[in-house]
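Structural description and commentary
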Amino acid sequence: MLPSDVDLCSPFRSVDGLDVDDIRTTAYEIFFTSCRSSPGFGGRNALQFYSSDHHHMNNSGDINGSGSKDHAAGGLMASRVKRALGLRMLKRSPSGASVNLSSSTSSSASPASTPGVGFSTVPGGRSRRPLTSAEIMRQQMKVSEASDNRLRKTLMRTLVGQMGRRAETIILPLELIRHLKPSEFKDANEYHIWQKRQLKILEAGLLLYPSNPLDKDDNFATSLRDIIHKSDLKPIDTGKTSETMRTLCNCVVSLAWRCAEGPTDICHWADGYPLNINLYVSLIRSIFDLNDETSILDEVDELIELMKKTWTSLGINKPMHDLCFTWVLFEQYVKTGQVENDLLSASQTMLTEVANDARKVDREPIYVQLLSSVLTSVTIWCEKRLMDYHQSFNDETIEVMEHILPLVFSATRILEETTVIEKGDIISDSAGNKVDHYTRSSLKNAFAKMVGKGNVISRTMPFQRVCETLIRLANETEELAYKEKRSFSMVLKKWHPISGGIAAVTLHSCYSALLKHFLTCNSDINNEMLTVLQRADKLEKVLINMVVEDSVECEDGGKTVIRQMIPYEVDAIIVKFLSKSVAGRLKRLKDVLHRAKETETWNPKSMTEPYAQSAVELMKLARELMVTFFDIPIAISEDLVYEFADGIEKILEEYTTFVASCGSKHNYTPTLPPLTRCSRGSKFVKLWKMATPCAVAGMSPYHLGLEEQGNNNPRPSTSRGTQRLYIRLNTLQYITSQLNTLEKCLPHSSKIIPSQKNRSVNGNPRRQAHFDQTRSSIVGATKHVSEVAAYRLIFLDSNAVLYGSLYVGHVVNARISPALRVLKQNFTLLSAIVTERDQALAFKEVMKASFEAYLMVLIAGGSGRSFAIADHEMIEDDLKHLKRLFSTNEDGLIEEDVVDKAADTVEGVVALMKKETEQLIEDFTVVVCEASGIELTEGQTLPLPPTTGRWSSSDPNTMLRVLCHRKDRVANQFLKTTFNLAKRA
């Protein structure tokens, strides 16, 4: 619906001190005075009304009723004005015969009791007769019979002996004050009010808005102001002897007959702006039927002719009349609820007359001012509706829009032409440009209302609701576009051939702003966001199609308009957000990784989850991120799949490296003691025997093969640090077990768009399988952690029963049995902690570490160990038991041949230990010479073989160390003379 008339601004300035009723009453008084000689106003003959059967219709179509003498009473005669303006007749049927009543004897009914404008009831109520123009105007202007009678009396008294006096020479308010006495009113208050109105009219016409400018020091003006001011308190004395009355008459007459151009035959008391225009507009408003304010009286021709008689008194001319008439038609349309479109058409027709008037070069300045004011008011009101025509019009009222558009274009064109005449230049705004502006503005307003009506998006709104709102807005935007195409574009195309395309572009831009804001506030993509983007893509296609369809007849096929549409580029946005989402998800994984590096303690959550919780969190999150990402119902490029998988793989490899960052086996391997020789009769042995009369004195229960009383199963010596290494092993195995599940989360080929790029990594063809590199890294990491755990278990945790005490002193008193029992318990704990799949590797590494520890006892056991040839039988027996410990493991994790192979080096050294010293020295000498590439001659010494760490029975350094630990005189002498090795401290 259209808004009411509250925002319609009057183009005319108001008159201070006078309200609408004051203006209307004064206008009637001037009208009656100007028409006093006409029939029905007290002239010689009353106006007669006749049926259309007795008169020929004048088809001149004169808008202003010029030359009209026919009065269409009750619809008997068609009005030329109404016909020219395209207005309907009221079509009242006459009732009874025409009656001729003199206006001087008639008693007109009030408007409320009038059966129909144009007829009056004859006394007795038995018949009706046509009203005179004077009676019609009195009713239309709501003037009481008493006021009308007082006016008639005043004119009779004023014109006594002056029947030929022109109306423009009569200062009507002054004459009314002079001739009407208080006794002619109901009471003194009514008279006072009436008198103040007359004085206010004089003040407005002579002091406030004079047609001829006043001098500031005009004494008549000063005196008149004083009289008017004093009249506010009480009526002025109008008696013949009243000095105030004489002064009033003198001042009014002097001011009214002033003329800047010299003597004049017209008095100027009502022809100053805005008083004159307000009075005249009030007259024109009377042409509307009081019973149907959307209709103009059929008697409009005669009434307008009579109104012209006021032009001289009011300073009105035809251009001013046409302008005021145009305004009143338009104003009445607005005031009556904008239901009578014929009034709009009539206003448009009148604008044609106004345009002709405006082109004349001899226009008065006041007319130019009025022209601008009226057309500006019309334009502002119309454009306010057109700028939001979706709010102003609907399917039922769209016809109004068809009338308003030409009206505003005509008004604008006249204003532009006026400006050209006045200023000589103007930037013309074509109808097409205006329609473009209206379309964009209205669509923006309509879209804003959609957003505000249940579609408000706020930062605090949940993401899902935001997506739902955007989808709903897209649906409503599409509906709005179809409505525009179906209704408004059909009207606007008359002035702008691609108005529908402009509407589509505008809606595209409006939704784009919301979509852009939505996308900037979110960095990850999910099903909801994808749905929003896909709906936006559909909307864009609909809008583009509308532009294309609307631009078929354009020279460029609508390319200019389409270029205004900045594409949503949904596909590119999706790709961008998918990449952005991958990066965001990888960052979340990296955050877990970095947090694990700072907080992981390698303590399992429970026996059922014997691995690091950081790994659980990492793999769970990786799986969730992949599932949610690839569950998005859209085809994904092969490159992006690999980007995501490779990113996860890099993080898993980094985590694997973190798990494996547990040091090296060398951290636990004991430092090789310096080479020294051992002597049977050394002071060390003597002192040791003196300190331990009994060979077993001072030995620990483990050395003696004894346990604490009541403890047949010694506790395992596995430290917490070693157990944490086991957890690292389990963690690596857990990651491996999850890789298959993770790989299954990757999309199938049906969802993957093959890449057009060269699919290669570092120059090699891109692998088809995922996480192979992670698996390879885990294998290496597992072996490393197993090795470190084994060396820690053997050389650190089991040091007290193995490397630290085995064979210290005498072999017989420090056999391997206690160590084997402890190792068995350690193996049991290892089996309980380490997952089944890693136990085999773990045991193999423990076996290697155990054999290396045993070997170190034999060849690098330090000063506390020495061996005789006779000890080799016990050593061989201990080695067999040690080998049996691994080959007879309960779970059968290590095969016997593997154990044998791992023990080859130890067995080779044990074989050296049972050789005779002389043979051992001879073999050693040969090996050293071969290794050094020398041929030993008399007097030449052997070079000291380097320590390579590659122990074997054929390694010269290994053989040398066996000699160093050989407890006999020959070995001692050889080492002293050949290498000058010191005795053991």
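All values reported here derive from a predicted model rather than from experimental measurement.

1. Some points on the overall build of the protein
Within the protein one finds 36 helices and six strands. Residue burial in the protein is summarised as follows: out of 985 residues, 51% are buried. When contacts within the protein are restricted to residue pairs at least 6 apart in sequence, those whose partners lie at least 24 apart make up 78%. For the protein, the computed accessible surface area is about 46100 Å², with 52% contributed by carbon and sulfur atoms.

2. Remarks on helix H10 (residues 300-307)
Burial of H10 is extensive: eight of the eight residues sit out of reach of the surface. For H10, the set of buried residues is Val300, Asp301, Glu302, Leu303, Ile304, Glu305, Leu306 and Met307. Its buried side turned inward, H10 meets helix H1 (20-34), helix H2 (80-85), helix H3 (133-140), helix H9 (275-284), helix H11 (311-314) and helix H12 (318-335).

3. Some remarks on the pattern of salt bridges
One pass over the structure, following the stated rule, counts 38 salt bridges. Between Arg24 and Asp21 there is a salt bridge, with its nearest N and O atoms 2.6 Å apart. Of this pair, Arg24 and Asp21 both sit in helix H1, separated by three residues, roughly a single helical turn. Asp357 is the partner of Lys360 in a salt bridge, and the nearest nitrogen-oxygen pair spans 3.9 Å. What you see here is one network of salt bridges that share partners, running through Lys318, Asp322, Glu353, Asp357 and Lys360.

4. Observations regarding the nonpolar core
Within the largest apolar cluster, 281 residues are counted, with the highest numbers of intra-cluster contacts made by Tyr511, Tyr655 and Leu858. Ranked by residue count, the leading element in this core is helix H30 (residues 836-859), at 13 residues. Not counting residues within four places of it along the chain, the set of residues in contact with Leu858 comprises Tyr807, Phe867, Ile875, Val906, Val909, Val910, Met913 and His965.

5. Let's talk about the packing of aromatic side chains
Enumeration over the complete set of coordinates arrives at 28 aromatic pairs. Ring centres of Phe827 and Phe886 lie 5.3 Å apart, and the angle between their planes is 45°; this geometry places the pair in the tilted category. Here Phe827 is found in helix H29 (residues 817-833), whereas its partner Phe886 is found in helix H31 (residues 872-887), with 59 residues between them in sequence. Judged by its relative accessible area of 4%, Phe827 is buried. Positioned above the aromatic ring of Phe577 is the side chain of Lys580, whose terminal nitrogen or guanidinium carbon lies 5.2 Å from the ring centre. Above the ring of Tyr803, the side-chain terminus of Arg865 is found at 5.5 Å from the ring centroid.

6. A word on the environment of Asn980
Here Asn980 is to be found in the segment after helix H36 (969-979). Accessibility expressed as a relative area gives 64% for Asn980, which makes it exposed.

7. A short note on the confidence of the model for the protein
Parts of the prediction with low pLDDT should not have their coordinates interpreted in detail. Chain-level statistics for the protein give a pLDDT mean of 85 and a share of 85% at 70 or above. Averaged pLDDT values for the elements of the protein fall to 44 in helix H26 (residues 701-704) and rise to 97 in H9. Overall, residues 67-76 carries pLDDT values under 50, and its contacts beyond four positions in sequence, including any with other chains, amount to 37 contacts. Here residues 424-428 is modelled with pLDDT under 50, and outside its nearest four sequence neighbours on either side it reaches eight contacts, counting other chains as well.

8. A look at helix H35 (residues 956-964)
Within H35, nine of the nine residues are buried, which leaves it mostly tucked inside the rest of the structure. Buried positions along H35 lie against H30, helix H33 (904-913), helix H34 (917-932) and H36.

9. What about the side chain of Gln332?
Position of Gln332 among the secondary structure elements: in helix H12. Ignoring anything within four residues of it in the chain, the contact list for Gln332 reads Phe288, Glu293 and Leu343.

10. Quick notes on the packing of H29 against H30
In the contact formed by H29 and H30, the axes pass within 10 Å of each other and the chain directions differ by 155°. What the angle tells us is that H29 and H30 run roughly antiparallel. For the element pair H29 and H30, the recorded crossing hand is right-handed. Contact residues: Phe827, Leu830 and Ser831 in H29; Gln839, Ala842, Phe843 and Val846 in H30. Residue classes in the contact of H29 with H30 are distributed as five nonpolar, two polar and no charged.

11. Comments concerning unusual backbone geometry
Note that the residue after Tyr273, namely Pro274, is joined by a cis bond; omega there is 10°. Position of Pro274 relative to the elements: it lies in the loop between helix H8 (243-256) and H9. One non-glycine residue with positive phi stands out, namely Phe771, at about 65°. Its place among the elements puts Phe771 in the loop between strand E6 (764-765) and helix H28 (772-797).

12. Comments concerning the environment of Cys251
Assignment of secondary structure puts Cys251 in helix H8. Residue classification places Cys251 among the buried positions, given a relative accessible area of 2%. Separated by 27 residues in sequence, Cys251 and Leu224 place their C-alpha atoms 6.1 Å apart. Contacts of Cys251, omitting those with residues within four sequence positions, involve Phe220, Ser223 and Leu224.

13. Notes on the packing of H9 against H12
Packing of H9 against H12 leaves a shortest axis separation of 10 Å and a crossing angle of 55°. It follows from the interaxial angle that H9 and H12 lie oblique. In the packing of H9 onto H12, the handedness of the crossing is right-handed. Across from Ile277, Tyr280, Val281 and Ile284 in H9, the residues of H12 making contact are Met320, His321, Cys324, Phe325 and Val328.

14. Some points on the environment of Val339
Structurally, Val339 is set in the loop between H12 and helix H13 (341-358). Taking the C-alpha atoms as reference, Val339 lies 7.9 Å from Thr294; in sequence the two are 45 residues apart. Setting aside its immediate chain neighbours within four residues, Val339 contacts Thr294 and Tyr333.

15. Side note on the side chain of Thr978
Topologically, Thr978 is positioned in helix H36. From its side chain, Thr978 meets the backbone oxygen of Phe974 in a polar contact 2.8 Å long.

Definitions and cut-offs
Residues numbered from 1 in each chain as written. Predicted model: local features only at pLDDT ≥ 70, side-chain atom pairs only at ≥ 80, totals over all residues. Heavy atoms only, no water. Helix = DSSP H or I, 4+ residues; strand = E, 2+ residues; numbered from the N terminus. Buried < 20%, exposed > 50% of the residue type's maximum accessible area, 1.4 Å probe, protein only. Contact = heavy atoms within 4.5 Å. Areas by Shrake-Rupley, 256 points an atom, 1.4 Å probe, with all protein chains shown as cover. Salt bridge = Lys/Arg side-chain N within 4 Å of Asp/Glu carboxyl O. Core = buried A, V, L, I, M, F, W, Y, C linked by side-chain atoms within 4.5 Å. Phe/Tyr/Trp six-rings, centres within 6.5 Å; stacked < 30°, edge-to-face > 60°. Lys NZ or Arg CZ within 6 Å of the ring centre and 35° of its normal. pLDDT = per-residue confidence, 0-100. Axes fitted to C-alpha atoms, helices over the stretch in contact; angles between N-to-C directions. Parallel < 35°, antiparallel > 145°, perpendicular 65-115°, else oblique. Left-handed = near helix turned anticlockwise from the far one by under 90°. Nonpolar A, V, L, I, M, F, W, Y, C, P; charged D, E, K, R; others polar. Polar contact = N/O pair within 3.5 Å; in protein donor to acceptor, adjacent residues only side chain to side chain.

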